[in-house]
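Now for the letters of each chain:
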Amino acid sequence: MKILIIEDEKELSSSIVSFLQTEQYVCETAHDYHSALEKTELYDYACIILDITLPGGSGMDLLQNLKANNKADGVLIISAKNSLDDRIRGLKEGADDYLPKPFHLPELAARVAAIIRRRSFDGSNTITFGDLVIDLMEKTVKNANRDLELTKKEYELFLYFVSNKNKVISKGAIAEHLWGDDMDLADNYDLIYTHIKNLRRKIIHAGAPDHIRSVYGTGYKFSTDI
Amino acid sequence: MKLLQKYSRINLVTSVMIFLLASIAFYFSLHYVLLKQVDEDLKTEKHEIESSVQRYGKLPDIIPLNDEITEYKETAAFSDDVTIHSMKIKGEDEELFRKIEFYEKAEGKIYRVSFAKSLENTETITKSVLTIAAISILILVIAGFIINRLVLKRLWMPFYKSMAIMKQYRIGRQAYPEFEKTDITEFAMLNETLNAAISKSEDEYNNLKEFTENASHEMQTPVAVIRSKMDVLIQDENLSESQSNIVQGAYDAIKKLARLNQALLLLAKIENRQYSQRETVQLDKLAEEKIAYFNEILQSRNLSISSSLQPVQVSMNAALADILLNNLISNCIKHSKSGDSISIILTPNALTIGNGPFDKPLDGSTIFKRFHKGGNSNEEHGLGLAIVKEICMVTGFAVNYKFEGGMHLFIVSLRNI
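Remember, it's a predicted structure, so these values are computed and weren't measured experimentally.

Draft legend 1. Region of the structure containing the overall build of chain B. Within chain B one finds eight helices and 11 strands. Relative to its length of 417 residues, chain B is extended, with a C-alpha radius of gyration of 48 Å against a globular reference of 22 Å. The dimensions of chain B, computed from C-alpha atoms along their principal axes, are 160 × 45 × 45 Å. Across chain B, contacts joining residues at least 24 apart in sequence account for 66% of those joining residues at least 6 apart. Surface accessibility of chain B: about 24400 Å² in total, with carbon and sulfur atoms responsible for 57%. In chain B, the 48 positive side-chain charges and the 52 negative ones have mean positions that sit 5 Å from each other.

See below:
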């Protein structure tokens, strides 16, 4: 699957590429309006990560152009302008999601994965991972038809891990994913630890292998190979 | 002391002083002039007596009059001396007279002639003139005083109006004060100066706001880059434990920076009226949602929460309502220790969020200030309550702090002020 990253800040762009570039995704980049326009007109992408402020033009114009050409590319807007107007306008113009800067890369990866899932027309609403089956509609995880009975937070956490397979996710990124950016509180690392402990317990209890492991003090990793 | 009072007092004191001095001077000069007149009369009388002696060889007969006394006395020696002086002569009443004395030879004898003229008329004139003068000056002073009070009050009106406008004025509230036109140069000057000062401070205020917003914007990109680089860095399998710890420290710091930046941007946006769109917000529902949202954190920190929510609708920006509740509750959680309780009370008049127990009150004058950090926590940026205050200000609410029953209470008055 091809992903286009339209971002003028080259350092950020390269970080995104090195994080997303896996066996699953092929990343291309554009650093200004014109090269981005050229690429979007020539190729189709599973998802376009779009910055609003670009040299040579606005990301909004690119978005309008895409929609005018009936392109089916999913679009995720990333913007430093975390203004409500931008968000509403972007979504109205047909963007799939909006992520304000500064974001955590695992969050970006999860959003991209969600967009691609929503846009793929294979009709299934499930993700299979080993013996584990995630039902996106019912928001459940089953192992050989046995429901893991995850809480809402545990389900979100599990999906987050699955969207970031084999990646170390920092505790901060997990906190922001679970509680959003609004919670103006000091770290809830203890709470994260509790949730992860419970999640692992439920996975093991359901008879599935434990994929989650702690990485020193920084975060957690969901490994496909154990 | 009011300017008007001070001015009136000075005016009155000087008027009375001048009046007194003038009266004294007037009295003396009038007295002098009238006395001179009487003296002239006395000299004329002397002259008449002399010419009578020359013509008839004897002193004229004495005609007794009330206000004139003529006396002849024989003396031994003749003298050329002529004296004029005032004296009191006892009659029915004691009366003041002016008397001329000289020597005259008649019928071979030497007489000492004295002729006295009553000064009563002179005194009467002096007195009545002085009385009239005194009354008219007094009327003048009183009239002046009253006119001053009435007219000056009216004249000063533009000044008081400008002051009232300035009292209402708050910087950055967009409502630019408009002063009434006045044809009095001083007040026009005052208004002009006030206008200039206002537009200058508004400019500076706007510059500062713009600066804050731009600085926060510009800071977002490097923060985003740093965070993304660290997200990539921790993917490295070869990271040692000590390196991981270093990275975690950097993560926490960058999180704080990102939050601070976000808060600054939010403040700038609220100030710039970017959240001016209002809608009906069901505050009790929102509070319930928030309590549910924070429930997990509250439990993990062993805090109890009690709420009493009446159905309340307010007209405000929905995003700001969310942030308002969020910040107030977050603030209570941040400053609570295990076992403490938090209470949320919503009535149609006020939203009260408090936590406790505590021993002593906070300093109510500083807690809503920017970058004010209560306690010694280094985790906070000190903008949470400043944002609350700003939200209340743009919405037309008022927020106050109260210490009651060992609880820190933050009271948002919902009645638009």
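Draft legend 2. Geometry of the interface of chain B and chain A. Each partner contributes residues to the interface: chain B has 41 residues there, and chain A has 43 residues. Here chain B and chain A share an interface that buries about 3800 Å² over both sides, 51% of which is from carbon and sulfur atoms. The salt bridge involving Lys221 of chain A is made with Glu237 of chain B; its shortest N-O contact spans 2.5 Å. At the surface where chain B touches chain A, the tally comes to 15 residue pairs in polar contact (both at pLDDT 80 or more). Of all the secondary structure elements, the ones that give two or more residues to the side of chain B that touches chain A are helix 4 (185-233), helix 5 (241-271), helix 6 (283-300) and helix 7 (318-334) of chain B.

Draft legend 3. View of the sheet that holds strand 4 (residues 109-118) of chain B. All names here are of chain B. Within the open sheet, the four strands sit side by side as 1-4-3-2. Their pairing is antiparallel. Across the chains shown, the open sheet's two edge strands, defined by having one partner strand only, are strand 1 (68-74) and strand 2 (83-90). Pairs of neighbouring strands in the sheet enclose a mean axial angle of 30°, with direction left out of account. Across the sheet, helix 1 (residues 3-56) is in contact with strand 2, strand 3 (94-106) and strand 4; its angle to strand 3 comes to roughly 30°.

Draft legend 4. Quick peek at the nonpolar core. Counting 79 residues, the largest nonpolar core has Phe158, Phe161 and Ile174 of chain A together with Leu328 and Ile387 of chain B as its most contacted members. When residues in this core are grouped by element, the largest group, nine residues, is from helix 7 of chain B. Apart from the residues lying within four places of it in its own chain, the contact partners of Leu328 of chain B are Leu351, Ile353, Leu385, Val388, Phe410 and Val412 of chain B.

Draft legend 5. Spotlight on the state of the cysteines. A complete count under the given rule lists zero disulfides over all chains for this structure. Just so you know, Cys27 of chain A is unpaired, no disulfide at all, and the nearest cysteine sulfur is the one on Cys47 of chain A, 10 Å from it. On the basis of relative accessibility, which here comes to 13%, the residue Cys27 of chain A falls in the buried class. The thiol sulfur of Cys332 of chain B is not disulfide-bonded, and the nearest other cysteine sulfur, from Cys392 of chain B, lies at 14 Å.

Draft legend 6. Geometry of the packing of helix 1 (residues 10-20) of chain A against helix 5 (residues 105-119) of chain A. Residues and elements named next belong to chain A. Interhelical geometry of helix 1 versus helix 5 gives an angle of 65° and a closest axis separation of 10 Å. As helix 1 packs across helix 5, the resulting crossing turns out to be right-handed. Mapping the contact onto sequence places Ser15, Ile16, Phe19 and Leu20 in helix 1 and Leu105, Pro106, Leu108 and Ala109 in helix 5. Here the contact of helix 1 with helix 5 is composed, by residue class, of seven nonpolar, one polar and no charged.

Draft legend 7. Here's a closer look at the packing of helix 5 of chain B against helix 8 (residues 384-395) of chain B. Residue and element names in this part refer to chain B. For the pair helix 5 and helix 8, the least separation of the axes is 10 Å and the interaxial angle reads 15°. If you check the angle between helix 5 and helix 8, you find them roughly parallel. Classified by chirality, the crossing of helix 8 by helix 5 is left-handed. Contacts between helix 5 and helix 8 pair Ala263, Leu266, Leu267, Ile270 and Glu271 from the former with Ala386, Ile387, Glu390, Ile391 and Val394 from the latter.

Draft legend 8. Structural detail: a nonpolar patch on the surface. Residue and element names in this part refer to chain B. Where nonpolar side chains cluster on the molecular surface, the patch consists of Leu12, Val16, Leu20, Leu138, Ile142, Phe145, Ile146, Ile147, Leu150, Val151 and Leu155 and spans about 940 Å² of accessible area. Of all the secondary-structure elements, those providing two or more residues to the nonpolar patch are helix 1 and helix 2 (120-155). Per-element tally for the nonpolar patch: the top contributor is helix 2, with eight residues. Mapped onto the elements of the fold, Ile142 is located in helix 2.

Draft legend 9. Highlighting the packing of aromatic side chains. Summed over all chains, the structure comprises 14 aromatic pairs over all chains. With a centroid separation of 5.1 Å and 65° between ring planes, the pair formed by Trp156 of chain B and Phe187 of chain B is classed as edge-to-face. A residue pair is termed long-range when its members are at least 10 positions apart, and Trp156 of chain B in the loop between helix 2 and helix 3 (157-168) and Phe187 of chain B in helix 4 qualify at 31 residues. Owing to a relative accessible area of 9%, Phe187 of chain B belongs among the buried residues under this scheme. With centroids separated by 5.5 Å and ring planes inclined at 50°, the aromatic side chains of Tyr401 of chain B and Phe410 of chain B adopt a geometry described as tilted. Three or more aromatic residues joined by ring pairs form one cluster here, namely Phe129, Phe158, Phe161 and Phe222 of chain A. Across from the ring centre of Phe102 of chain B, 5.6 Å away, lies the NZ or CZ of Lys46 of chain B, which sits over that ring. Seen from the ring of Phe78 of chain B, Lys105 of chain B lies directly overhead, with NZ or CZ sitting 4.5 Å from the centre.

Draft legend 10. Structural view of the environment of Glu95 of chain B. All names here are of chain B. One can find Glu95 in strand 3. Looking at Glu95, the relative accessible area reads 23%, which means it is partly exposed. Considered as a pair, Glu95 and Ser118 are 23 residues apart in the sequence and their alpha carbons are 7.3 Å apart. Every residue in contact with Glu95, bar those within four places of it in the chain, is listed here: Met87, Lys88, Ile89, Ser118 and Glu120.

Draft legend 11. Seen up close, the environment of Ile49 of chain A. Residue and element names in this part refer to chain A. Here Ile49 is to be found in strand 3 (residues 47-51). For Ile49 and Ser13, which are 36 residues apart along the polypeptide, the C-alpha to C-alpha distance reads 9.8 Å. Discounting residues that sit within four places of it in the chain, Ile49 has contacts with Ile3, Leu4, Ile5, Ile6, Ile16, Leu20, Leu76, Ile78, Leu108 and Val112.

Draft legend 12. Representation of the sheet that holds strand 8 (residues 126-129) of chain A. Residue and element names in this part refer to chain A. Reading across the sheet, the four strands line up as 8-9-10-11 and stay open at both edges, with antiparallel pairing between neighbours. Of all strands in the sheet, those bounded by a partner on one side alone are strand 8 and strand 11 (146-147). Bridge count for strand 10 (residues 140-143) against strand 11 is two bridges, and the pairing is antiparallel. Residue pairing for strand 11: Asn143 is matched across the bridge by Arg146.

Rules behind the numbers
- Residues numbered from 1 in each chain as written.
- Chains lettered and ligands numbered in written order.
- Predicted model: local features only at pLDDT ≥ 70, side-chain atom pairs only at ≥ 80, totals over all residues.
- Heavy atoms only, no water.
- Helix = DSSP H or I, 4+ residues; strand = E, 2+ residues; numbered from the N terminus.
- Rg over C-alpha atoms; globule rule 2.2 N^0.38 Å.
- Contact = heavy atoms within 4.5 Å.
- Areas by Shrake-Rupley, 256 points an atom, 1.4 Å probe, with all protein chains shown as cover.
- Lys, Arg positive; Asp, Glu negative; His and termini not counted.
- Charge placed at Lys NZ, Arg CZ, Asp CG, Glu CD.
- Buried area = accessible area lost by both parts, 1.4 Å probe.
- Salt bridge = Lys/Arg side-chain N within 4 Å of Asp/Glu carboxyl O.
- Polar contact = N/O pair within 3.5 Å; in protein donor to acceptor, adjacent residues only side chain to side chain.
- Pairing = 2+ DSSP bridges.
- Axes fitted to C-alpha atoms, helices over the stretch in contact; angles between N-to-C directions.
- Core = buried A, V, L, I, M, F, W, Y, C linked by side-chain atoms within 4.5 Å.
- Buried < 20%, exposed > 50% of the residue type's maximum accessible area, 1.4 Å probe, protein only.
- Disulfide = S-S within 2.5 Å.
- Left-handed = near helix turned anticlockwise from the far one by under 90°.
- Nonpolar A, V, L, I, M, F, W, Y, C, P; charged D, E, K, R; others polar.
- Parallel < 35°, antiparallel > 145°, perpendicular 65-115°, else oblique.
- Patch = residues over 30% accessible without salt bridge, like charges linked within 9 Å, V, L, I, M, F, W, Y side chains within 5 Å.
- Phe/Tyr/Trp six-rings, centres within 6.5 Å; stacked < 30°, edge-to-face > 60°.
- Lys NZ or Arg CZ within 6 Å of the ring centre and 35° of its normal.

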